[in-house]
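Chain by chain, the residues run as shown.
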Amino acid sequence: MTSPKEKLPRLPLFELLRRFKGQMAFALSLVVVENVAWIVEPKLFGSVLDALIDKFSRESSLLSPFDVLPLILWVSAFAVNSGTGVMRRVVDPRIYLKMFSELAREIVAIGKSRRYKTSKTAALAQLSEQYVTFFQFRVPEVIEQIIAIGGAVVALSTFDWRIALTCATIVGPLYVINRLQKMKLAGLQKEFHDIYETTFEVFAKESEEAVQTYYKNYSTAKQRIAFWGALNFGVVRIALLAIFLVVLYIAIDLDDFTTGSIYSIVAYLWTFITMSEYIPELMESWTSLKDISRRLHAESI
């Protein structure tokens, strides 16, 4: 006969992916469509500007198909982006709230079988919500960043290969600072989660001093995590500023671009910069999830 321990479900990251793969594939496909439509908008809108400028520079007041087509394409991309965005915001809660409910139920079963204190089971269930947060927000953010950063570089290369090459230099600083942050955050996240697991136990004591000490340790751990995130963010911003200035020099001084092209270049450059800024936050979330995954995996085997 199989023991109760062997019947308990395993809770690794990929098990959740397997169980909800159909629903998540649909949700993430909406993310892809929304962001692909969004990344082509600046180039299309730049064409609209050039078409309007060309139209008003001509003596004829008649509109040609070449005047209207850029506007139709841009409005179509905007409509696709907005429509899938609305649908995604309706679909996501249904999928991910169900996922969290299933995950919490299984953690309660594990806690009951192991005869854990209620405080530990509750803390594990709360920590497991980060799984759902990761899938609902972080995974779409990763997809958005891949499409935005990759799409921006590809789009910029259509204007001048030197612009795309300049943007690609961000890879070096990002790699170095993220490696450093990853090593530091692994220990800090473990320390923070150790503290968090005692939350309900501390409050059960009904001691003001115990609660004060708990939140002092809680705050210290969070501040140390935030410091490394801030350091990563600052280094990335300095690198991005240098890239921004070089690209502007290439676009304005070295090339004879149209008004629409300059608009598109600046829009893609700004997209590249803003998307790159989220990488430190994603790194923090990923290291936190890895520690939670280790805890849940250890409790479920």
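This is a predicted model, so every value here is computed, not measured.

**Observations regarding the overall build of the protein chain**
Then comes step 1: Along the protein chain, the regular secondary structure elements total eleven helices and zero strands.
Then comes step 2: Listing each helix as α and each strand as β along the protein chain from the N terminus yields α-α-α-α-α-α-α-α-α-α-α.
Then comes step 3: Scored against the burial criterion, the 301 residues of the protein chain give a buried share of 43%.
Then comes step 4: In the protein chain, the share of contacts with a sequence separation of at least 24, taken over all contacts with a separation of at least 6, comes to 86%.
Then comes step 5: Working note: accessible area of the protein chain is about 16,800 Å², and carbon and sulfur atoms make up 66% of it.

**Considerations on the pattern of salt bridges**
Then comes step 1: Taken as a whole and judged by the stated rule, the model has seven salt bridges.
Then comes step 2: Put simply, Lys-190 and Asp-194 hold a salt bridge, and the shortest N to O gap is 3.1 Å. Here Lys-190 pairs with Asp-194, and both are found in helix H7 (residues 171–196), just four residues apart, close to one helical turn.
Then comes step 3: We classify Asp-194 as partly exposed; its relative accessible area is 34%.
Then comes step 4: Within the structure, one salt-bridge network assembled from shared partners comprises Glu-34, Arg-88, Arg-89, Asp-92 and Glu-144.

**So, the packing of aromatic side chains**
Then comes step 1: Counting across every chain of the model gives seven aromatic pairs.
Then comes step 2: When the ring of Tyr-214 is compared with that of Tyr-215, the centres are 4.9 Å apart and the planes differ by 80°; the resulting orientation is edge-to-face.
Then comes step 3: Using a relative accessible area of 5% as the deciding quantity, one classes Tyr-214 as buried.
Then comes step 4: Its relative accessible area of 38% is what places Tyr-215 among the partly exposed residues.
Then comes step 5: The structure contains a cluster of three or more aromatic residues connected by ring pairs, namely Phe-45, Trp-74, Phe-78 and Tyr-263.

**Looking at the side chain of Ser-264**
Then comes step 1: Inspection of the secondary structure assignment puts Ser-264 in helix H10 (residues 259–276).
Then comes step 2: Here Ser-264 falls in the buried class, since its relative accessible area comes to 2%.
Then comes step 3: Non-local contacts of Ser-264, meaning those with residues more than four positions away in its chain, are made with Pro-42, Lys-43, Gly-46 and Phe-159.

**A word on the nonpolar core**
Grouped burial of nonpolar side chains is what soluble globular proteins tend to show.
Then comes step 1: Core analysis: the largest hydrophobic core is formed by 51 residues, its most contacted members being Tyr-96 and Ile-265.
Then comes step 2: Looking at this core element by element, the count peaks at 14 residues for helix H5 (residues 118–157).
Then comes step 3: Aside from chain neighbours lying at most four places away, what touches Ile-265 is Leu-156, Phe-159, Ile-163, Val-247, Ala-251 and Phe-257.

**Quick look at the side chain of Glu-34**
Then comes step 1: When you line up the elements, Glu-34 lands in helix H3 (residues 21–57).
Then comes step 2: Once you skip the residues sitting within four places of it in the chain, Glu-34 turns out to touch Asn-81, Thr-84, Gly-85, Arg-88 and Arg-89.

**Things to note about the environment of Thr-259**
Then comes step 1: Tracing the backbone through its elements, the reader meets Thr-259 in helix H10.
Then comes step 2: Residues in contact with Thr-259, not counting those within four places in the same chain, are Asp-50 and Ile-53.

**Notes on a nonpolar patch on the surface**
Then comes step 1: Together, Val-68, Leu-69, Ile-72 and Leu-73 line one region of the surface with nonpolar side chains, adding up to about 320 Å² of accessible area.
Then comes step 2: Among the secondary structure elements, Leu-73 is positioned in helix H4 (residues 65–114).

**Some thoughts on H10**
Then comes step 1: The end-to-end C-alpha distance of H10, which contains 18 residues, comes to 26 Å, matching closely the 26 Å that a straight helix rising 1.5 Å per residue would cover.
Then comes step 2: Burial in H10 covers these residues: Gly-260, Ser-261, Ser-264, Ile-265, Ala-267, Tyr-268, Leu-269, Thr-271, Phe-272, Ile-273, Met-275 and Ser-276.

About the thresholds
- Residues numbered from 1 in each chain as written.
- Predicted model: local features only at pLDDT ≥ 70, side-chain atom pairs only at ≥ 80, totals over all residues.
- Heavy atoms only, no water.
- Helix = DSSP H or I, 4+ residues; strand = E, 2+ residues; numbered from the N terminus.
- Buried < 20%, exposed > 50% of the residue type's maximum accessible area, 1.4 Å probe, protein only.
- Contact = heavy atoms within 4.5 Å.
- Areas by Shrake-Rupley, 256 points an atom, 1.4 Å probe, with all protein chains shown as cover.
- Salt bridge = Lys/Arg side-chain N within 4 Å of Asp/Glu carboxyl O.
- Phe/Tyr/Trp six-rings, centres within 6.5 Å; stacked < 30°, edge-to-face > 60°.
- Core = buried A, V, L, I, M, F, W, Y, C linked by side-chain atoms within 4.5 Å.
- Patch = residues over 30% accessible without salt bridge, like charges linked within 9 Å, V, L, I, M, F, W, Y side chains within 5 Å.
- Expected span 1.5 Å × (residues − 1).

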